[in-house]
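Report on the structure
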Amino acid sequence: MTRKIDIFDTTLRDGEQSPGASMNTEEKLVVARQLLRMKVDVIEAGFPISSPGDFESVRRIAELAGDDATVVGLTRAVEKDIDRAAEALKYAKRPRIHTGLGVSPSHLHDKLRITEDQCLERAEHCVRYAKKYMNDVQFYAEDAGRSDYDFLVKVIQRVVDAGATVVNIPDTTGYSLPAEFGRRIAYLMENVRGIENVTVSVHCHNDLGMATALALEGVKNGATQIECTINGLGERAGNTALEEVVMGIRMHGEELNAHTDINTREFAKASRLVSSITGMSVQANKAIVGANAFAHSSGIHQDGVLKKRDTYEIIDPADVGAGQSQIVLTARSGHAALKHRLEELGYEFEGDALDKVYEDFLNLADKKKEVYDEDLESLIHERDRQVSAIFQLEGVQISCGTDMIPTATVTLRNQADQVVTACDFGTGPIDAMYKAVNKIVQVENDLTEFSVQSVTRGIDALGEVTIRVTAPDGEVYTGRGADNDIVVSSARAYVNALNRLLNDKREHQQK
Ligand SMILES: CC(=O)SCCNC(=O)CCNC(=O)[C@H](O)C(C)(C)COP(=O)(O)OP(=O)(O)OC[C@H]1O[C@@H](n2cnc3c(N)ncnc32)[C@H](O)[C@@H]1OP(=O)(O)O
Ligand SMILES: CC(C)C(=O)C(=O)O
């Protein structure tokens, strides 16, 4: 059996320290419920002395958690902070005070302005003082990542001897390299007497983008608690992301001799919840919970994933509550992805027919970032319309604008494969285009309806135009056309309606 790693979630404390991410008590309770659903072991609910609101949040989350999680209040190595935290945690079933102070030369000399001896004394005192209130006391050695190895051993020895149940070794500034941070943890494990009787925790920041790697190195070298946040929220560049570190342990559990009890299927939901409450959006390429984490948009990858998912995916998206892998159709997609999506939509294309749709698809995809299902359907319908065409639109060019007479030049190809061009002007670009088409097609009709709608989303969406023309005998013919450019859609729709009218006329003549 591998070691159980406790997941200490600090979204509500360090996560909330992200500029712009602060949460009120009700919002913190909503997040806390989600953390309980995920079965985190420890919830750091706030810094009780910092404000009445944070005190209340810690108090209510302690009540909410009951026996299901340890609830932590953070303090400085200051008696009044500890008193306030103890008060907030008075009714908690599993309370923990998290106290401590800086231990690096920078924090001692420039921030706290104390000597090493004063630091050792304060460290011991804050733990002993907190122990008056409860047994479970966690000590943090702030900025341990930049501290002297032997001084850190002395600090941790003092607090272990004073009764700390958990010792937290933070890389507060995200400065360390993972292997070096691992050596630091190993050094403590070798040199602090009795450390095997306490929980060693790691709390890493992401200033160099290595917070998850740092935490995993910590675990590899002896830590059994990881402090982390949903979406990696936290001071400055954030903390170790909970979803990343838990999945890292799941993937490499044997090598790390580690497992967690977290319900990973709640990850996607937790990510969305925290993002919507804090207003901190999640980057699309964020590991595990980003919108693109299980999306494939290039042909070679799509072909691989369609043959077997694990050719390009190490995690089943369902395991993190992210549904299914997505095949995103773009100009980098190949036949395999297009065929697959068409089949999902109920269209079977093989061989030459598939090649032709693929060609149209690429033309469209070069103009759009992403080709959606509606685009594909529209593209197929457009092809069907052209198959039975007497006239086909070859090109349309418009010139219009302020102080200009709208003018259209239209080129059509007829069934005898002749290309005919006509030009006309009108009250607007569409009117000019219709008149130019009429000069070539020369069939009497009234344009009785014109409507345009966006087929998909975004500025590059296909616009689909529907028009109705009425023949002299009162018969109505509908035409449709789709393109990114609505003038082109309009020309296509009009030519399509006229083709129908002409086909109908021919059929009548043949009867
Ligand atoms: C690495 C971390 O993330 S630590 C957690 C960060 N979280 C917070 O800061 C929570 C919100 N903070 C607050 O509400 C306030 O800063 C308070 C209530 C904690 C303190 O407020 P104030 O008394 O006004 O002090 P202020 O914030 O200006 O300065 C911090 C003081 O605490 C001292 N201090 C900082 N950390 C510690 C510590 N761990 N132990 C003891 N003293 C500390 C500083 O040296 C400074 O003392 P000084 O004024 O004697 O120089
Ligand atoms: C309070 C401590 C654990 C902290 O947030 C840090 O060192 O980054």
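Residues numbered from 1 in each chain as written. Chains lettered and ligands numbered in written order. Predicted model: local features only at pLDDT ≥ 70, side-chain atom pairs only at ≥ 80, totals over all residues.

An unreviewed UniProt entry lists the chain under the name 2-isopropylmalate synthase, with Ellagibacter isourolithinifaciens given as the organism. On record in UniProt, under Pathway (unreviewed entry), the comment for the chain is "Amino-acid biosynthesis; L-leucine biosynthesis; L-leucine from 3-methyl-2-oxobutanoate: step 1/4." UniProt's Cofactor (unreviewed entry) comment on the chain is quoted here verbatim: "Mn(2+)". (UniProt positions renumbered as here; feature names shortened; annotations may be inferred.)

With that out of the way, let us pick up the overall build of the chain. When you go through the chain residue by residue, the secondary structure sums to 17 helices and 18 strands. Relative to the 2.2 N^0.38 estimate, which gives 24 Å for 511 residues, the radius of gyration of the chain is 33 Å and therefore markedly larger than a compact globule would have. A principal-axis box enclosing the C-alpha atoms of the chain has dimensions of 105 × 45 × 40 Å. Within the chain, buried positions represent 44% of all 511 residues. (Helix = DSSP H or I, 4+ residues; strand = E, 2+ residues; numbered from the N terminus. Rg over C-alpha atoms; globule rule 2.2 N^0.38 Å. Buried ≥ 20, exposed ≤ 12 C-beta atoms within 10 Å, placed from the backbone.)

In this section: the site of ligand 1. Ligand 1 sits among 15 residues. The nearest are F47, S50, R76, A77 and L101. Those elements that place two or more of their residues in the shell around ligand 1 are β5 (95-102) and α4 (105-112). Across the shell around ligand 1, the residue classes tally to six nonpolar, four polar and five charged. (Near = placed C-beta within 6 Å. Nonpolar A, V, L, I, M, F, W, Y, C, P; charged D, E, K, R; others polar.)

Turning next to the site of ligand 2. Every residue near ligand 2 is listed here: D14, L74, Y140, E142, N168, P170, T172, H203 and H205. When contributions to the shell around ligand 2 are tallied by element, the ones reaching two or more residues are β6 (137-142) and β7 (166-171). Its residues placed into classes, the shell around ligand 2 shows three nonpolar, four polar and two charged.

Within the largest apolar cluster, 93 residues are counted, with the highest numbers of intra-cluster contacts made by I43, V71, A215 and I226. Not counting residues up to four positions away in its chain, the partners in contact with A215 are V202, C204, I226, C228, T240 and V245. Core analysis: the next-biggest nonpolar cluster, separate from the first, contains 25 residues, M433, Y434, Y477 and L501 among them. (Core = buried A, V, L, I, M, F, W, Y, C linked by C-beta atoms within 7 Å. Contact = placed C-beta atoms within 7 Å.)

Strand order in this open sheet of three strands is β16-β17-β18, and the pairing throughout is antiparallel. Looking along the sheet, the strands with just one partner apiece sit at the ends: β16 (446-454) and β18 (476-483). Strand-to-strand, the axes of this sheet are offset by a mean angle of 15°, without reference to chain direction. The pairing of β16 with strand β17 (residues 463-470) spans eight bridges and is antiparallel. The residue bridging L447 from the neighbouring strand is V469, located in β17. Across the sheet, helix α17 (residues 486-510) lies against β16, β17 and β18, angled at about 150° from β18, the strand it touches most. (Pairing = 2+ DSSP bridges. Axes fitted to C-alpha atoms, helices over the stretch in contact; angles between N-to-C directions.)

The residues that UniProt annotates with the feature "binding site: Mn(2+)" (unreviewed entry) are D14, H203, H205 and N239. Taken along the chain, the residues just named run across 226 residues; in space they keep tight, none of their C-alpha pairs more than 10.1 Å apart. Mapped onto the elements, H203 comes out in strand β8 (residues 199-204). Those residues within four positions of H203 in sequence are excluded, and the remaining contacts are N168, P170 and E227. Its place among the elements puts H205 in the loop between β8 and α8 (211-220). Judged by the 25 C-beta atoms lying within 10 Å of it, H205 falls in the buried class.

UniProt tags residues 5-268 as "domain: Pyruvate carboxyltransferase" (unreviewed entry). The span residues 5-268 is 44% helix and 17% strand, and its two end C-alpha atoms sit 21 Å from each other.

This part covers the sheet that holds strand β2 (residues 6-9). Strands sit in the order β2-β3-β4-β5-β6-β7-β8-β9 around a closed barrel of eight strands; the barrel is parallel. Sheet twist, expressed as the mean angle between neighbouring strand axes with direction ignored, is 25°. When β5 meets β6, the two strands line up parallel, connected through six bridges. Paired with G102 across the strands is E142, a residue of β6. Helix α6 (residues 149-161) contacts β6 and β7 of the sheet and is inclined by roughly 165° relative to β6. Sitting on the sheet, α8 is in contact with β7, β8 and β9 (225-228), with an inclination near 165° to β8.

Once that is clear, we can look at the pairing of β17. Within a regular strand, side chains alternate between the sheet's two faces. Sheet analysis places β17 next to β18, joined by eight bridges and oriented antiparallel. Bridging across to β18, T466 finds its partner in R480.

This brings us to unusual backbone geometry. For D143, which is not a glycine, the phi torsion comes out positive at approximately 60°. Its identity is not glycine, yet N257 carries a phi of approximately 50°, on the positive side. Along the chain, the position of N257 falls in the loop between α10 (253-256) and β10 (258-259).

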